[in-house]
Amino acid sequence: MVIYLDSNATSPVDPQVVEAMLPCLREHFANPSASYRSARRVQKLVQAAREQVASLIGAASEEIVFTSGGTESNNTAIDSARMFWPDRKHLVIGATEHPSVLEPAKRWQAQGGTLTIVPVNSDGLIDLDALQQAVRPGKTAMVSVMWANNETGVIAPIEAIGHIAHAAGALMHTDAVQVVGKIATDVHALPIDYLSLSGHKFHAPKGVGALFISRRVRFHPLLLGGGQEGNRRSGTENVPGIVALGSAAEFMAATDHSAVSVLRDAFESGVCSALAETRLNGHPVQRLPGTTNLCFPGLSAVEMLILLDDRGVCCAAGSACHTANVHPSPVLAAMGFSAEHAASSLRFSFSRLNTLTEAKEAAEHVIAVARKLRALRGDDTGPVVLG
């Protein structure tokens, strides 16, 4: 039996979502830009999905632009700020951003802009004093800080960050790929101008996402051509994916997220009560309900991954975008941890489709694997250290 604990990388597609998208593959296949009756039906499906996604994050439907996912949404938001603020050359981001923010930020810099990367503390929380000092009134175009980190699950104080950005006259963008569908989100109650989300993080398929664009701000599209999405994102719409995204958004809006934290806590408690010196990476409270990142000092995360995979447990060492390349996590490095610490850390991420039985069995597998590796090294087990 496979126990899948890597939903921060990608979540299983919910059976309800599959059923919702199948008609778009079978009979509602018309291009929504066409003018005939069957195309108008498809247009209505796209609009219904737009309203479902908007409802999930507290937005108006006209503020939702469908994209191919988080990477496109992040690139689009940053590029829009660069195009509309030619006299503002300064960009501010957090030290633990996803590469889809970090790389566009580097391009911003290469094209003549200036970039400030704000540090985080050992819990993974951004330094608000440093952020306050980093923003430059009249010069900073955008502040982009991820709402929750993909590796540690640490949740940023996004309201405070947004107020700092707006006080300097800068736009506020947040990569909320790990937040949407996992914790309550209301963009109109927060100082957010752009928000990125991705369907495959909350039980929709890969290849579909959205960008929230506040009606308060101007926008410059990244993709030009056919003028779809109200001239904000050209390219024929991925209708099956969009309908699936809407379906996932609708049921995630009604999901009790605390149930996922019960699974995580049961797993974490089981592992940390049995293994010596196990350490939690990141803030113990201010984090996503389904994410735990644990360090097993002296053990190799790569070796643990292999042995856990043999036992049917799927987890990750760092981000899924980096797992193929064995190198220390830049997120843990930014938090001040050593390369050795990072090389001994694993991420486990739960979803609403996991069970308490799976959580407990996974903990038993982790304990067995860690003990096996420690026995091979002649290590003793001692008191548990968590945090």
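Computed from a predicted structure; not experimentally measured. (Residues numbered from 1 in each chain as written. Predicted model: local features only at pLDDT ≥ 70, side-chain atom pairs only at ≥ 80, totals over all residues. Heavy atoms only, no water.)

Within the chain one finds 13 helices and 12 strands. Taken over C-alpha atoms, the radius of gyration comes to 21 Å for the chain, in line with the 21 Å a tight globule of 387 residues would show. Seen along its three principal axes, the alpha-carbon backbone of the chain occupies a region of about 70 × 50 × 35 Å. Long-range contacts, defined as pairs at least 24 residues apart, comprise 75% of the intrachain contacts of the chain with a sequence gap of at least 6. When the accessible area of the chain is evaluated, it comes to approximately 15800 Å², of which 54% is carbon and sulfur surface. Here the chain contributes 32 positively and 36 negatively charged side chains, and the mean placements of these two sets differ by 6 Å. (Helix = DSSP H or I, 4+ residues; strand = E, 2+ residues; numbered from the N terminus. Rg over C-alpha atoms; globule rule 2.2 N^0.38 Å. Contact = heavy atoms within 4.5 Å. Areas by Shrake-Rupley, 256 points an atom, 1.4 Å probe, with all protein chains shown as cover. Lys, Arg positive; Asp, Glu negative; His and termini not counted. Charge placed at Lys NZ, Arg CZ, Asp CG, Glu CD.)

What follows is about the pattern of salt bridges. Proximity of charged atoms lets side chains of opposite charge pair with each other. Using the criterion set out here, one finds 12 salt bridges in the structure. Measuring nitrogen to oxygen at the nearest pair gives 2.7 Å for the salt bridge that ties Arg 233 to Glu 72. Placement of Arg 233 in the loop between α7 (228-231) and α8 (239-253) and of Glu 72 in helix α3 (residues 70-84) is noted, with a sequence separation of 161 residues between them. The burial state of Arg 233 is the same as that of Glu 72; both residues are buried. For Asp 79, the salt bridge is made with Arg 82, and the minimal N-O distance between the two is 2.7 Å. One end of the pair is Asp 79 and the other is Arg 82, both in helix α3 and 3 residues apart, which spans about a single turn. For Asp 79, a relative accessible area of 10% gives the class buried. Classification of Arg 82 by relative accessible area gives partly exposed; the value is 30%. (Salt bridge = Lys/Arg side-chain N within 4 Å of Asp/Glu carboxyl O. Buried < 20%, exposed > 50% of the residue type's maximum accessible area, 1.4 Å probe, protein only.)

Turning our eyes to something else, we now look at unusual backbone geometry. Although it is not a glycine, His 203 adopts a positive phi angle of roughly 80°. Its place among the elements puts His 203 in the loop between β7 (194-198) and β8 (209-213). Exposure remark for His 203: the relative accessible area of 2% places this residue in the buried category. Not every positive phi belongs to a glycine, and Glu 229 is a case in point at roughly 55°. For Glu 229, the location among the structural elements is in helix α7.

A word on the pairing of strand β2 (residues 64-67). Along β2, one buried face is formed by Ile 64 and Phe 66 and the opposite face, lined by Val 65 and Thr 67, is buried too. Pairing of β2 with β8 involves 4 bridges; the strand directions are antiparallel. Its bridge partner lying in β8, Thr 67 is registered against Gly 209. (Pairing = 2+ DSSP bridges.)

So, on to the nonpolar core. One finds Ile 57, Trp 147 and Leu 195 to be the most contacted residues of the largest nonpolar core, which totals 66 residues. The biggest single contributor to this core is α8, with 9 residues. Within the second largest apolar cluster, 29 residues are counted, among which are Leu 280, Leu 308, Leu 346 and Val 369. (Core = buried A, V, L, I, M, F, W, Y, C linked by side-chain atoms within 4.5 Å.)

Turning our attention to the confidence of the model for the chain. Here the chain averages 94 in pLDDT, while 95% of its residues score no lower than 70. Within the model, pLDDT remains below 50 along residues 381-387, and this stretch shows 17 contacts once partners closer than five positions in the same chain are excluded. (pLDDT = per-residue confidence, 0-100.)

Moving on: α3. Counted at 1.5 Å a residue, the expected span for α3 with its 15 residues is 21 Å, and the 21 Å between its end C-alpha atoms agrees. Listed in full, the buried residues belonging to α3 are Gly 70, Glu 72, Ser 73, Asn 74, Asn 75, Thr 76, Ala 77, Ile 78, Asp 79, Ser 80 and Ala 81. (Expected span 1.5 Å × (residues − 1).)

The next point concerns the packing of helix α2 (residues 37-57) against α8. Interaxial distance between α2 and α8 falls to 8 Å at its minimum, and their mutual angle equals 35°. With respect to the hand of their crossing, α2 and α8 are arranged in left-handed fashion. Packed against α2, whose contacting residues are Val 42, Leu 45, Val 46, Ala 49, Gln 52, Val 53 and Leu 56, the element α8 presents Val 239, Ile 242, Val 243, Leu 245, Gly 246, Ser 247, Ala 249, Glu 250, Met 252 and Ala 253 at the interface. When grouped by side-chain class, the residues that make up the contact of α2 with α8 number 13 nonpolar, 3 polar and 1 charged. (Axes fitted to C-alpha atoms, helices over the stretch in contact; angles between N-to-C directions. Left-handed = near helix turned anticlockwise from the far one by under 90°. Nonpolar A, V, L, I, M, F, W, Y, C, P; charged D, E, K, R; others polar.)

Within strand β3 (residues 90-94), 5 of the 5 residues are buried, leaving the element largely enclosed by the surrounding structure. Going residue by residue along β3, you find His 90, Val 92 and Gly 94 tucked away on one face and Leu 91 and Ile 93 tucked away on the opposite face as well. In this sheet, strand β4 (residues 114-118) lies alongside β3 in parallel orientation, the contact comprising 5 bridges. Bridge pairing links Ile 93 to Ile 117 in β4.

Right, let's talk about helix α10 (residues 301-310) for a bit. For α10, the set of buried residues is Ala 301, Met 304, Leu 305 and Leu 308. Along the long axis of α10, the arc covered by the buried residues comes to 105°, so they all point the same way. Each element contacted by the buried residues of α10 is listed here: β11 (313-314), β12 (345-349) and α13 (356-377). One or two residues past the end of α10 sits Gly 312, with phi positive at roughly 85°. (Arc of directions from axis to C-beta.)

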